[in-house]
Amino acid sequence: MVFFRSVSLLSKLRSRAVRQPNLSNSVRWLQIQTSSPDLDLRSQLKDLIPEQQDRLKKLKSEHGKVQLGNITVDMVLGGMRGMTGLLWETSLLDPDEGIRFRGLSIPECQKLLPSAKPSGEPMPEGLLWLLLTGKVPTKEQADSLSQELRSRATIPDHVFKTIEALPVTAHPMTQFATGVMALQVQSEFQKAYEKGIHKSKFWEPTYEDSLNLIAQLPTVASYVYRRIYKNGQTIPMDDSLDYGGNFAHMLGFGNPEMKELMRLYVTIHTDHEGGNVSAHTGHLVASALSDPYLSFAAALNGLAGPLHGLANQEVLLWIKSVVEECGENITKEQLKDYVWKTLNGGKVVPGFGHGVLRKTDPRYTCQREFALKHLPNDPLFQLVSKLYEVVPPILLELGKVKNPWPNVDAHSGVLLNHYGLTEARYYTVLFGVSRAIGICSQLIWDRALGLPLERPKSVTMEWLENYCKKAAA
Ligand code: NMX
Ligand code: MLT
C-alpha cells in the first residue's frame, strides 16, 4: 500500500514541480527512493499482493453496497457507454485529461521512467514495471527486466510452422493472432491447473505466462512482418538491445530515431483502462480462468476491428488516398471536400472521435511533439496537422459526434511511414504487441486478487419495454 501511495505522492510532487521548477530535483530524488534496489520483479510483486488483497477485502466489506450511479436504458442500448462496471488497476482514463498509468500522465512517464539513451523516450520495460508494481523503476531495474525478457524470448519452432500454414496474403493480424494461439501450447497456467494448483497460487503461473508472452511477441510480430513484406528473411534478436530497440531491429529498422519511436510507441499504446474492446475482451476471457495466451489472442481479435485498433491502418490508407487524389500540397478547402466525401459515403473519418475521451488524446499530442522534433518537414505530417484544423469543425457540424478530436491512431502511421515502415496493413500488429503489456499486467492482478467470473445480466427489448411501462405507472 505504501508504494501505491508513493506513486500518488510522486504524482502530486510532479504537478507541484511543474508549477515550482526548483522542486524538480527533489522529484528525481523521490523517484530513486520509491524503488527498492531489488531487481526481481516477481519478488516485488509477491510482497505487494497480500496488502492489495486486504485492501480489496476491506473495500468490499465496508463499501460493497455504495451506489456508483444509475443505469439508464440509453446505456444498455448504447454499448454500455458511461457505465462503471469494471475494476482495472493499471491505468485510469479521464475524459478531458487522458490516460494516467498508475497515476502518471504521459508527460510524467516521459520524464520519470528510465530511458535507453540519456533524456530519451521511456522504455516499455519501465512501464511494465510501473503497471505491475505501481512503482517507478530505477534504470537498473528496467535493464534487469530487459535482460529477463530477452532470456524468455525463444519461440518453439511449431509457432512459425503454424503461421506458415496460412497464405502469405492473410491479414497480418490474423497471422499474429494465430502465432499467439500457437504459443499457447506452452502455457504454464494450463499445466498447473491440470495438476490441481490451489487458487491462491493462480497468479504465479499467470505471471510466468504473461512475461513469456510479452517477451515473445516482438519476435512473432517481426516474423509476420518479414514473412509478408521481406521475403521471409528474418533478423535475430540483438542481445545488447532493450525491448523497443530490439523490436525495431528485428523488423529491420536500424535508425536510432526509429528505435526511440518504437519505445515511445509501445509505451503509449500499452494500456487505456479496462473498458476498451481489447482490454475488456482479454479481461472477460481471462475471467473464465482461460490462460494469458487464450485471453490475449481474444483481445487481439477485438483490436483487429476498424473502430478499435485497425483504425491506425485505416488512417494511413485514408491519408494516402487523399494524396493520391489531390496531391501532397492539398488545400484546406480540398481537404474539407474529401472529409465530406468520406462522411457522405457512410464512412467514419478514421483517427477521430473516442468512446470516453472528450479532448485531443494526449497520445496524439506526444506523437505530434515527436514529429515536431524529428520530422517537422515530412509532407504527411504536415497533412496530419492540417487535418487537425479541418476535421473537428466538420464532425461538430454533424451534430452527433461526441468527441471531434483526434485519437492515438490519427498520428502513429505517418511517424512509422517516415522511417520506412510503410505497410499500413501491418500497423495494428504493433498496437497488439504494445497492448499485451497492459492486458497481461492487469491479468496477473486479476488472479492475485481472485477477481470473479465476469457475467453481466442481459435483457430483451420486451423486458425493457415492460420495465419502462411499470416504472412510468
Ligand atoms: N467520423 C464519423 N462519424 C463519427 C466519428 C468519426 N470519426 N466518430 C463518431 N462518429 C459518429 C458515430 O459513428 C455515431 O454515429 P451513428 O449515431 O450514426 O451511429 C455518432 O457519431 C456518435 O458516436 P460517438 O458517441 O461520438 O462515438 P462512439 O463512442 O459511439 O464511438 C469511435 C467511438 C472511436 C468508435 C468513433 O468515434 C469512431 O468511429 N471513430 C473513427 C474510428 C477510430 O478512429 N477508431 C479508433 C479509436 C481509438 N482506438 O484506437 O481504439
Ligand atoms: C484504446 O487505446 O484502447 C482506444 O483508445 C480505445 C478506447 O480506449 O476505448
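Residues numbered from 1 in each chain as written. Chains lettered and ligands numbered in written order. Predicted model: local features only at pLDDT ≥ 70, side-chain atom pairs only at ≥ 80, totals over all residues. Heavy atoms only, no water.

(A) Representation of the overall build of the chain. Broken down by element type, the chain carries 22 helices and two strands. Relative to a compact globule of 473 residues, whose C-alpha radius of gyration would be 23 Å, the chain shows 23 Å and is just as compact. With respect to the principal axes defined by its C-alpha atoms, the chain has extents near 70 × 60 × 60 Å. Every one of the 473 residues in the chain was classed for burial, and the buried ones make up 53%. Pairs at least 24 apart in sequence give 76% of the contacts found in the chain among residues at least 6 apart. (Helix = DSSP H or I, 4+ residues; strand = E, 2+ residues; numbered from the N terminus. Rg over C-alpha atoms; globule rule 2.2 N^0.38 Å. Buried < 20%, exposed > 50% of the residue type's maximum accessible area, 1.4 Å probe, protein only. Contact = heavy atoms within 4.5 Å.)

(B) Representation of the confidence of the model for the chain within the structure. For the chain, per-residue confidence averages 93 on the pLDDT scale, and 92% of positions sit at 70 or higher. Low pLDDT, under 50, characterises residues 1–33; the predicted model gives this stretch 46 contacts beyond four residues in sequence or across chains. (pLDDT = per-residue confidence, 0-100.)

(C) Spatial organisation of the packing of helix α8 (residues 157–164) against helix α9 (residues 172–183). With their axes 9 Å apart at the nearest point, α8 and α9 run at an angle of 145° to one another. Regarding α8 and α9, the two cross each other, and that crossing is right-handed. Judged by residue contacts, His158, Val159, Thr162 and Ile163 of α8 engage Gln175, Thr178, Gly179, Ala182 and Leu183 from α9. (Axes fitted to C-alpha atoms, helices over the stretch in contact; angles between N-to-C directions. Left-handed = near helix turned anticlockwise from the far one by under 90°.)

(D) Looking closely at the packing of helix α16 (residues 311–326) against helix α21 (residues 427–448). The contact between α16 and α21 brings their axes to 7 Å, and the two run at 150°. Here α16 is positioned roughly antiparallel relative to α21, judged by the angle of their axes. For α16 against α21, the interelement crossing comes out right-handed. Along its contact with α16, which presents Asn312, Gln313 and Leu316, the element α21 presents Tyr427, Thr428 and Phe431. When its residues are assigned to classes, the contact of α16 with α21 shows three nonpolar, three polar and no charged. (Parallel < 35°, antiparallel > 145°, perpendicular 65-115°, else oblique. Nonpolar A, V, L, I, M, F, W, Y, C, P; charged D, E, K, R; others polar.)

(E) Quick peek at α21. For α21, built from 22 residues, the straight-helix expectation of 32 Å at 1.5 Å per residue is met to within 8% by its first-to-last C-alpha distance of 33 Å. Its axis deflected by about 30° at Arg435, α21 carries its strongest bend there. The buried count for α21 comes to 22 of 22 residues, which makes it a mostly enclosed element. One or two steps after α21, the chain reaches Gly450, where phi turns positive at roughly 65°. (Expected span 1.5 Å × (residues − 1). Bend = angle between axes of the 7 residues up to and from the residue.)

(F) Spatial organisation of the site of ligand 2. Near ligand 2 the following residues occur: His272, Asn276, His308, His354, Arg363, Phe431 and Arg435. In the environment of ligand 2, an oxygen atom lies 2.7 Å from a nitrogen or oxygen atom belonging to the side chain of Arg363. Between Arg435 and ligand 2, the recorded distance is 2.7 Å, taken from a side-chain N or O atom to an oxygen atom. Burial of ligand 2 by the protein chains amounts to 83% of its free accessible area of 260 Å². (Near = heavy atom within 4 Å. Polar contact = N/O pair within 3.5 Å; in protein donor to acceptor, adjacent residues only side chain to side chain. Areas by Shrake-Rupley, 256 points an atom, 1.4 Å probe, with all protein chains shown as cover.)

(G) The packing of aromatic side chains, seen in detail. On inspection of all chains with the given rule, the structure shows twelve aromatic pairs. With 5.5 Å between their ring centres and 70° between their planes, Trp318 and Tyr338 make a pair best called edge-to-face. One end of the pair, Trp318, is in helix α16; the other, Tyr338, is in helix α17 (residues 332–344), with 20 residues separating them in the sequence. Across this residue pair, the class does not change: Trp318 and Tyr338 are buried. On the basis of an interplanar angle of 90° and a centroid distance of 6.3 Å, the ring pair of Tyr388 and Trp405 is categorised as edge-to-face. In this pair, Tyr388 sits in helix α19 (residues 379–398) while Trp405 sits in the loop between α19 and α20 (409–418), placing the two residues 17 residues apart along the sequence. The partly exposed category is assigned to Trp405, whose relative accessible area is 30%. Here the aromatic cluster, defined as three or more aromatic residues joined through ring pairs, consists of Tyr225, Tyr229, Phe253 and Tyr426. Its guanidinium or amino end placed over the ring of Trp203, Arg42 lies 5.6 Å from that ring's centre, counting from NZ or CZ. (Phe/Tyr/Trp six-rings, centres within 6.5 Å; stacked < 30°, edge-to-face > 60°. Lys NZ or Arg CZ within 6 Å of the ring centre and 35° of its normal.)

(H) Seen up close, the environment of Asp378. Inspection of the secondary structure assignment puts Asp378 in the loop between α18 (362–374) and α19. Linking Asp378 and Leu93, residues 285 residues apart in sequence, is a C-alpha distance of 31 Å. At a separation of 2.8 Å, a polar atom in the side chain of Asp378 contacts the main-chain amide nitrogen of Leu380. A distance of 3.0 Å separates a polar side-chain atom of Asp378 from the backbone nitrogen of Phe381.

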